[in-house]
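Each chain, letter by letter, is given below.
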Amino acid sequence: MTTVRGARARARIEITAAIKDEARTQLAAEGAAKLSLRAVARELGMVSSALYRYFPSRDDLLTALIVDAYDSVGAAAEQAAAEAEEERPLDRWTAVCRAVRAWAVAHPHEYALIYGSPVPGYTAPQDTIVPASRVGLVLIDIARRAHTGEGVALPPLPDALRPEAVRISADIAPDLPPALAVALVAAWSQLFGLVSFEVFGQFHRVVEDRDTFFATAARRLGQDVGLLPRG
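Definitions and cut-offs
Residues numbered from 1 in each chain as written. Predicted model: local features only at pLDDT ≥ 70, side-chain atom pairs only at ≥ 80, totals over all residues. Heavy atoms only, no water. UniProt positions renumbered as here; feature names shortened; annotations may be inferred. Helix = DSSP H or I, 4+ residues; strand = E, 2+ residues; numbered from the N terminus. 1 Å grid on protein atoms, 1.4 Å probe; cavity = no way out; pocket = protein on both sides within 12 Å on 5 of 7 lines; lining within 4 Å. Points joined across faces, edges and corners; volume = space filled by probe spheres on them. Nonpolar A, V, L, I, M, F, W, Y, C, P; charged D, E, K, R; others polar. Axes fitted to C-alpha atoms, helices over the stretch in contact; angles between N-to-C directions. Parallel < 35°, antiparallel > 145°, perpendicular 65-115°, else oblique. Left-handed = near helix turned anticlockwise from the far one by under 90°. Contact = heavy atoms within 4.5 Å.

(A) Region of interest: the UniProt feature "DNA-binding region" (unreviewed entry) in the protein. In this numbering, the UniProt entry assigns the feature "DNA-binding region" (unreviewed entry) to residues 36-55. Taken end to end, residues 36-55 is 60% helix and 0% strand, and its two terminal C-alpha atoms sit 11 Å from one another.

(B) Focus on the layout of surface pockets. Its volume calculated, the largest pocket comes out at about 260 Å³. Lining the largest pocket we find Ala132, Ser133, Gly136, Leu137, Leu139, Ile140, Ile172, Leu184, Val185 and Trp188. By residue number, the principal contributor to the lining of the largest pocket is helix α8 (residues 134-148), which donates 4 residues. For the lining of the largest pocket, a count of residues per class yields 8 nonpolar, 2 polar and no charged. Reported here for the second largest pocket is a volume of approximately 210 Å³. Around the second largest pocket, the lining comprises 13 residues; the ones closest to its centre are Ile66, Tyr70, Leu113, Ile114 and Ala124. Elements supplying a minimum of two residues to the lining of the second largest pocket: α4 (58-83) and α6 (108-115). The biggest single contributor to the lining of the second largest pocket is α6, with 3 residues.

(C) View of the packing of α8 against helix α10 (residues 178-199). Relative orientation of the contacting elements α8 and α10 amounts to 140°, with a least axis distance of 11 Å. Put simply, α8 runs oblique to α10. Handedness of the crossing formed by α8 with α10: right-handed. Of α10, the residues touching α8 (which contributes Val135, Gly136, Leu139, Ile140, Ala143 and His147) are Leu180, Leu184, Trp188, Leu191 and Phe192. Split into classes, the residues belonging to the contact of α8 with α10 amount to 9 nonpolar, 2 polar and no charged.

Dropping the structure here:
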């Protein structure tokens, strides 16, 4: 009986992976708004009722793809941070940003799914919150370690922004100064703005040496957070 259950579990894993792979193919060809369980089932030679045992609705399948994408880019960021463990905070920051960009360029349709236009009729469930936080948590950790280590050059905090800064700090990093928390949120949003401009073609005929441009811009974001340059 144990052998049979193991075989069934492996088969379920394989079929689930095949469904998601075909769905990603459809994302690339048609976009998330046109993702169809019936079309996925047809391409896999399955009847729709069989596919519904794995994903009861289109939204369930979309959620699985979104979680996978967030986990994938998050893992890339975490690996880059680990590989730059011995580097100074600003260099680790830049390495993480470059890893995020490399992942996005290599997976443009998955990037568009999580950072592009919202899918009509779809509302992301709570299941996506933790995976979506992974890149941000890596950046926060770099800033936190710098703050408690070599120190950071805290950016100025306008009085008008202080109440919001205090609220943001309490939500994302209660142990960090509000000025640093606000700077992190700004840098995080600008990082994905840079990546989105490249992935969605906004740099066409504007930026030619995109590697150097991005590395320089990412490093500047780290300095805006207060990470100290070498020397």
